[in-house]
Amino acid sequence: MKIGILAVQGDYEAHARMLERLGADYVLVRTPKEAAQVHAMILPGGESTTMLKFLKEEGLEAALRALDARGAAFFGTCAGAILLAREVRAPAQDSLGFADLVITRNAYGRQVASDVRSAPTKLRAEPLEMVFIRAPWIDELGPGVEVLAREGGRPVLVRDGRILVATFHPELTGDTSVHEYFLKLAAEGAARNSFDSSASKPASSQTSTAESNPMPRR
Ligand code: GLN
C-alpha cells in the first residue's frame, strides 16, 4: 500500500517523517500521474488557498476526485481539512467536499491563532497533544460524521467514513497515534476498493464492481 502526500505547499515533509517512523510506503504527490499511483492521500497543513490553486492548475483536483471515486482514504490536517470540507466559510472558497463538514477558516482569531493544547480522544486512553496553527473550526457535521476528539468543546478530529480530518497538526508532534489510525483506514480502503497494485485484497472484495472499474493508467 502506498500513501500519497500532497506536496505542492505546506508541511508535507512533517507527514513524510511520520510515515517514515511508522515504516509506511509513501510518495510525494505533485502531478496527477503520481496521484494515480497511490492508495490513500494525505493533504497537509499550510495555506489552503494556495493548495487549491495548484490543485486546479495542475489537474490534481481531478486526480484526487478519481481517487475518492475509487474509495481511497484521505487525511487532511488544518489546511488539508479545509480542502476536504463540503463547505468553507470566512472567506468562502471552493473545496473537494469529500467530508460532510462545514468549516470556518482562521476561526480562533489572532489572539489564540496558534497554541499547543491537550485533549482526550477516542484513539487511546491518554490525552493527545494538539498543535493548532491558525486553525479552522468545524461548524457543522453531517449525520455520518464521527467525532474522535474535541478541544474546548469543538470537534477537532473527526472521521466521515474513510475521510479523516484534523483541525490541528498531528504531524508536528512526536505522537504517531493519529497517523497510525489513518494507516488503518487507508489499508481498509485499499482492501475494499478497485486498486490493482500491491494492495492486499481479500478474495471477498473482488466484486464485479471492482473489476469493472480498473485503476486508470496514465
Ligand atoms: N488558515 C490556513 C488556511 O486557511 C490553515 C492553517 C494551517 O494549515 N496551519 O488555509
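Attention here is on the structure that accompanies the text. All values derive from a computational prediction rather than experimental measurement.

### As for the sheet that holds strand E9 (residues 137–141)
One open sheet accounts for three strands, arranged E5-E6-E9; its pairing is mixed. Each edge of the open sheet is held by one strand with a lone partner, namely strand E5 (85–89) and E9. Pairs of neighbouring strands in the sheet enclose a mean axial angle of 25°, with direction left out of account. With four bridges connecting them, strand E6 (residues 99–104) and E9 associate as antiparallel partners. Each bridged residue has a counterpart across the sheet, and for Val-102 the counterpart in E9 is Glu-140.

### Quick word on the nonpolar core
Among the nonpolar cores identified, the biggest contains 59 residues, and Leu-6, Ala-40, Met-41, Phe-74, Leu-84 and Val-165 are the most heavily contacted of them. Per-element accounting of this core gives the leading share, six residues, to helix H6 (residues 177–192).

### Some thoughts on the sheet that holds strand E10 (residues 146–151)
Pairing within the open sheet is mixed, and its seven strands lie in the order E2-E1-E3-E4-E12-E11-E10. Pairing within the sheet leaves two strands with one partner each, and these edge strands are strand E2 (25–29) and E10. Strand-to-strand twist in this sheet, taken as the mean axis angle between neighbours without regard to direction, amounts to 20°. Of the strand pairs in this sheet, strand E1 (residues 2–6) and E2 are connected by five bridges, and their pairing is parallel. Within E2, the residue paired with Leu-6 across the bridge is Val-29.

### Examining the environment of Glu-140
By secondary structure assignment, the location of Glu-140 is in strand E9. For Glu-140 and Thr-104, which are 36 residues apart along the polypeptide, the C-alpha to C-alpha distance reads 9.6 Å. The contacts of Glu-140, once residues within four sequence positions are left out, are Leu-101 and Val-102.

### A word on helix H4 (residues 60–69)
Residues of H4 that are buried: Leu-60, Ala-63, Leu-64 and Leu-67. The buried residues of H4 occupy an angular sector of 95° when projected down its axis, which confines them to one face. Where H4 is buried, its residues contact helix H2 (32–35), strand E3 (40–43) and helix H3 (48–57). Immediately downstream of H4, the backbone of Gly-71 shows phi near 85°, a positive value.

### Quick notes on the site of the ligand
Around the ligand sit Gly-45, Gly-46, Glu-47, Ser-48, Cys-78, Ala-79, Ile-82, Arg-105, Asn-106, Ile-133 and Arg-134, and those are all the residues in its vicinity. Classifying every residue of the shell around the ligand by side-chain character gives four nonpolar, four polar and three charged.

### Some details on the packing of H3 against H4
Running from amino to carboxyl end, H3 crosses H4 at an angle of 85°, the nearest separation of the two axes being 5 Å. Looking at the two axes, H3 sits roughly perpendicular to H4. Residues Phe-54, Leu-55 and Lys-56 of H3 pack against Leu-60, Glu-61 and Leu-64 of H4. Broken down by class, the residue content of the contact of H3 with H4 amounts to four nonpolar, no polar and two charged.

### Some thoughts on the environment of Ala-63
By the secondary structure assignment, Ala-63 is in helix H4. Owing to 23 C-beta atoms within 10 Å, Ala-63 belongs among the buried residues under this scheme. Considered as a pair, Ala-63 and Ala-35 are 28 residues apart in the sequence and their alpha carbons are 6.2 Å apart. Every residue in contact with Ala-63, bar those within four places of it in the chain, is listed here: Pro-32, Ala-35 and Ala-36.

### Details of unusual backbone geometry
Cis rather than trans, the peptide bond between Ala-90 and Pro-91 has omega equal to -10°. Along the chain, Pro-91 turns up in the loop between E5 and E6. Positive phi is not limited to glycine here, since Cys-78 has a value of about 55°. Take Cys-78: it is sitting in the loop between strand E4 (73–77) and helix H5 (79–84). In this structure, Ala-90 is a non-glycine residue whose phi angle is positive, near 60°.

Each value, and the rule that gives it
Residues numbered from 1 in each chain as written. Predicted model: local features only at pLDDT ≥ 70, side-chain atom pairs only at ≥ 80, totals over all residues. Pairing = 2+ DSSP bridges. Helix = DSSP H or I, 4+ residues; strand = E, 2+ residues; numbered from the N terminus. Axes fitted to C-alpha atoms, helices over the stretch in contact; angles between N-to-C directions. Core = buried A, V, L, I, M, F, W, Y, C linked by C-beta atoms within 7 Å. Buried ≥ 20, exposed ≤ 12 C-beta atoms within 10 Å, placed from the backbone. Contact = placed C-beta atoms within 7 Å. Arc of directions from axis to C-beta. Near = placed C-beta within 6 Å. Nonpolar A, V, L, I, M, F, W, Y, C, P; charged D, E, K, R; others polar. Parallel < 35°, antiparallel > 145°, perpendicular 65-115°, else oblique.

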